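Residue strings, one per chain:
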Amino acid sequence: MESITIEGFACGPVHFPCNSWIQSKKDHPGKRILFSNKPYLPSETPAGLRALREKELRDLRGDGKGVRKLSDRIYDFDVYNDLGNPDKSVSLTRPSLGGKTIPYPRRCRTGRLPMDSDITAESRVEKPLPLYVPRDEQFEESKQNTFSAGRLKAVLHTIIPSLKATISAENHDFSGFSDIDILYKEGLLLKVGLQDEIWKNLPLPKVVTKIQESSEGMLKYDTPKILSRDKFAWLRDDEFARQAVSGVNPVSIESLKVFPPKSNLDPEIYGPQESAFKEEHILGHLNGLSVSQALEENKLFIIDYHDVYLPFLDRINSLDGRKAYATRTLFFLTPLGTLKPIAIELSLPPAGLNSRSKRVVTPPMDATSNWVWQLAKAHVCSNDAGVHQLVNHWLRTHASLEPFILAAHRQMSAMHPIFKLLDPHMRYTLEINALARQNLINADGVIESCFTPGRYCMEISAAAYKSSWRFDKEGLPADLIRRGMAVPDPTQPHGLKLLIEDYPYAQDGLLIWSAIENWVRTYVERYYPDSSLVCNDKELQAWYSESINVGHFDLRDADWWPKLETTDDLVSVLTTIIWLASAQHAALNFGQYPYGGYVPNRPPLMRRLIPEENDPEHANFLADPQKYYLLALPSLLQATKFMAVVDILSTHSPDEEYIGERQQPSIWSGDAEIIEAFYEFSAEIQQIEKEIDKRNADPRLKHRCGAGVLPYELLAPSSGPGVTCRGVPNSVSI
């Protein structure tokens, strides 16, 4: 076997076989070159590599100064200080996230330019200019092509509604549900009355016609999966409840322990802490049980967004075309094992002693109460869409993982066995997060445009980070116990007893969690047979310390951070990170278009409150409730913009690497024992997929099987490219 001699080591020349070289994925000068695929703990590094190992890490950290170039390979931290663009408009001013005022996890630094003598902020890079990420983190060609094609499709889907809004004074609201159906059957058409004198000299109709002719098929939306089996399922209470445990946001529901529920907000500012729910509101829906019996038998559940939204409602409701409540929704677990909604509380900030700030809506008894109930559910779904996107999806997977990724590159050599373990779970995350800062979560970006909180979206995300984010509760078992959805039970397969047995997200998630945990334990024990090795691993300890003390600086003093002193500690921390990057993100991401692509099912924003009997709007509501309902939903432009973006976010690229896969399995580890253990992990993942298929065909599991019921496949590990509503990639890659 031919060898290559590398000079310059303190110990003299070192020889490596040619096929043991590993280059970074970007093969051009200056890229990282690894000299062996055998993992080395820092203390075990061959003498000839130690100096190079330390030098490379110093180079990766940089000096914390200067503006980054696209050719750089420097990883550094910064706060979210590039979301606003005050130089362009005062209305685009946004507070920095991360710091004593507004705590938030850190993100990758682009470069710093002074704003004044005391404050530094990164200059805003607007598209089409590219935003810096270290070059090893940039999309591969296949991924970039898929993403660019999706972005072109989104532009085409947005341009015609934008033209309609620009050249016409009409609001372009949906006049009927058939208008929404047309988006899937015919696509977006701009019908301009050419007989009108105003259009005769305008080139716009010809331009639009040209776009439509040259973009055949691109202007039509794919029919969302929610409509594939039952077009009217979204209207039903059972489907509304089913999505709480098997939809795109199955992580907000909690077991109700105290009735009525109470707020944790300051009553001096936000009014009485007690909910307006009374026993008479729900007693007739408890299958003969008293409220105390229902609580004792764990039959009552709640999705509670009261404290998330109430502090922001005055500001949200003062925005043009935005109206919201802070909602609470109660569910009852029926003898069939299914959930049904039994009451919804709609809260507004108290406006005086006689102000009725809390309103309870119960299942309908007549035509009028039916429309009120449908509107109340729409407001709940809008609350849910906001919390899903801003907290559970963006904050808990994208943003909170980024510090761990940055610290891994800065503190652990690519030869480190834990870096090798984490590497596939860090793929593309820095790039997709940078794109989100540029296009999605920025001032006047897609999230602000499409979700009810508008310019306050990221402040809601930051408030959740400060009040409720805890790394030690982010693992699946800990999260289920925190929400009261499970209790410890050593007799059960995963050591937990689910309070709702037919809870698809939890059922399937526990299979994947256990497989990840077993694989990580095997891997960790291979390199750390003794806990003293964990404590004495300077790179590992530096990674974890920097992830907390720099990456999560604002919460660094919290007493709940897990220790990293034993092998068990390391297994727990790594399992949580890999779970968040893979299965948790998949469960929250790839159902966005299949469930949200039909806007009435999950309206991302609402534009009208529900009129009371003494409101001027009440007569209009009674005269045409369907029109009022549609006017409360997003407009055509808002809806199509949202649909175009979640279509991209729900799409798998052709080069996706799914859990249990390695694109180059012979490179990531040269350890035969570990390779064999990984193949066992991969085989277990394949068995999990078969078990999920079996569950989805079980008629006893009514939250995932039945007439018109969608199977729960968001945690089915494999997928083809495109919008499939399934597949668990290794990393947060979209």
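Model, not experiment: these values are computed from the prediction.

So, how was this worked out
Residues numbered from 1 in each chain as written. Predicted model: local features only at pLDDT ≥ 70, side-chain atom pairs only at ≥ 80, totals over all residues. Heavy atoms only, no water. Helix = DSSP H or I, 4+ residues; strand = E, 2+ residues; numbered from the N terminus. Buried < 20%, exposed > 50% of the residue type's maximum accessible area, 1.4 Å probe, protein only. Contact = heavy atoms within 4.5 Å. Pairing = 2+ DSSP bridges. Axes fitted to C-alpha atoms, helices over the stretch in contact; angles between N-to-C directions. Expected span 1.5 Å × (residues − 1). Polar contact = N/O pair within 3.5 Å; in protein donor to acceptor, adjacent residues only side chain to side chain. Phe/Tyr/Trp six-rings, centres within 6.5 Å; stacked < 30°, edge-to-face > 60°. Lys NZ or Arg CZ within 6 Å of the ring centre and 35° of its normal. 1 Å grid on protein atoms, 1.4 Å probe; cavity = no way out; pocket = protein on both sides within 12 Å on 5 of 7 lines; lining within 4 Å. Points joined across faces, edges and corners; volume = space filled by probe spheres on them. pLDDT = per-residue confidence, 0-100.

(A) Layout of the overall build of the chain. In terms of regular secondary structure, the chain is built from 26 helices and 17 strands. Per-residue burial over the chain gives 58% buried out of 734 residues. If you take every contact in the chain between residues at least 6 apart in sequence, the share linking residues at least 24 apart comes to 74%.

(B) The arrangement of the pairing of strand β11 (residues 326-333) in detail. Most of β11 is tucked away: eight of the eight residues are buried. Two strands pair when backbone bridges link them, and strand β10 (residues 300-304) and β11 are joined in this way by five bridges, in the antiparallel orientation. Bridging across to β11, I303 finds its partner in T329. Of the strand pairs in this sheet, β11 and strand β12 (residues 339-347) are connected by eight bridges, and their pairing is antiparallel.

(C) Structural context of the sheet that holds β10. Strand order in the open sheet formed by five strands is β9-β10-β11-β12-β13, and the pairing between neighbours is antiparallel. In this open sheet, the two edge strands, each paired with only one partner strand, are β9 (254-255) and β13 (358-361). Set on the sheet, helix α11 (residues 367-411) makes contact with β11, β12 and β13; between it and β12 the angle comes to about 80°.

(D) Expanded view of helix α19 (residues 538-551). Here α19 contains 14 residues, and its C-alpha end-to-end distance of 18 Å stays within 8% of the 20 Å for a straight helix at 1.5 Å per residue. Those residues of α19 that sit buried are E539, L540, W543, Y544, E546, S547, I548 and G551. Where the residues of α19 are buried, they touch α1 (47-61), β5 (77-78), α11, α12 (417-422), α18 (531-536) and α20 (567-589). By the N-cap criterion, in which a side-chain oxygen at the helix start approaches the backbone nitrogen of a residue two or three places on, α19 is capped by D537, the distance to E539 being 3.2 Å.

(E) Here's a closer look at unusual backbone geometry. Across the junction of K127 and P128, the peptide omega takes the value 15°, indicating a cis bond. Residue placement: P128 occurs in the loop between β8 (120-121) and α2 (141-167). Here the residue pair F259 and P260 is connected by a cis peptide bond, since its omega of -5° sits within 30 degrees of zero. Here P260 shows up in the loop between β9 and α6 (267-270). Non-glycine residue Y428 carries a positive phi angle of around 70°. Position of Y428 among the secondary structure elements: in the loop between α12 and α13 (429-439). Overall, Y428 belongs to the buried group, its relative accessible area being 1%.

(F) Local environment of the packing of aromatic side chains. Counted according to the given criterion, the structure contains 26 aromatic pairs. Both rings, one in Y503 and one in Y505, keep their centres 6.0 Å apart while their planes meet at 50°; by these two values the pair is tilted. For Y503, a relative accessible area of 0% gives the class buried. You can call Y505 buried: its relative accessible area is 0%. Through a chain of ring-to-ring contacts, three or more aromatic side chains come together here, namely Y80, Y104, W394, F404, Y465, W469, F471, W543, Y544, W560 and W561. Positioned above the aromatic ring of Y456, the side-chain terminus of R315 is 5.2 Å from the ring centre.

(G) Highlighting the side chain of Q438. The topology assignment puts Q438 in helix α13. For Q438, a relative accessible area of 5% corresponds to the buried category. Side-chain polar atoms of Q438 contact the backbone oxygen of V125, separated by 3.0 Å. Not counting residues up to four positions away in its chain, the partners in contact with Q438 are R124, V125, E126, K127, L129 and L131.

(H) Expanded view of empty space enclosed by the protein. Under the definition given, this model contains six cavities of 30 Å³ or more. Of the pockets and cavities examined, the largest cavity occupies roughly 260 Å³. In terms of lining residues, the largest cavity is bounded by 21 residues, among which F240, Q243, K377, C381 and N601 are the most central. Residue assignment for the lining of the largest cavity shows that the elements contributing at least two residues are α5 (237-246), β11 and α11. With six residues, α11 is the largest single contributor of residues to the lining of the largest cavity.

(I) Up close: the confidence of the model for the chain. Counting all residues, the mean pLDDT for the chain is 88, and 85% of those residues have values of 70 or more. Across residues 1-35 the pLDDT falls below 50, and counting only partners more than four positions away or on other chains, this stretch makes 74 contacts in the model. In this model residues 190-205 is a low-confidence stretch, pLDDT under 50, and it forms 15 contacts with partners more than four residues away in sequence or in other chains.

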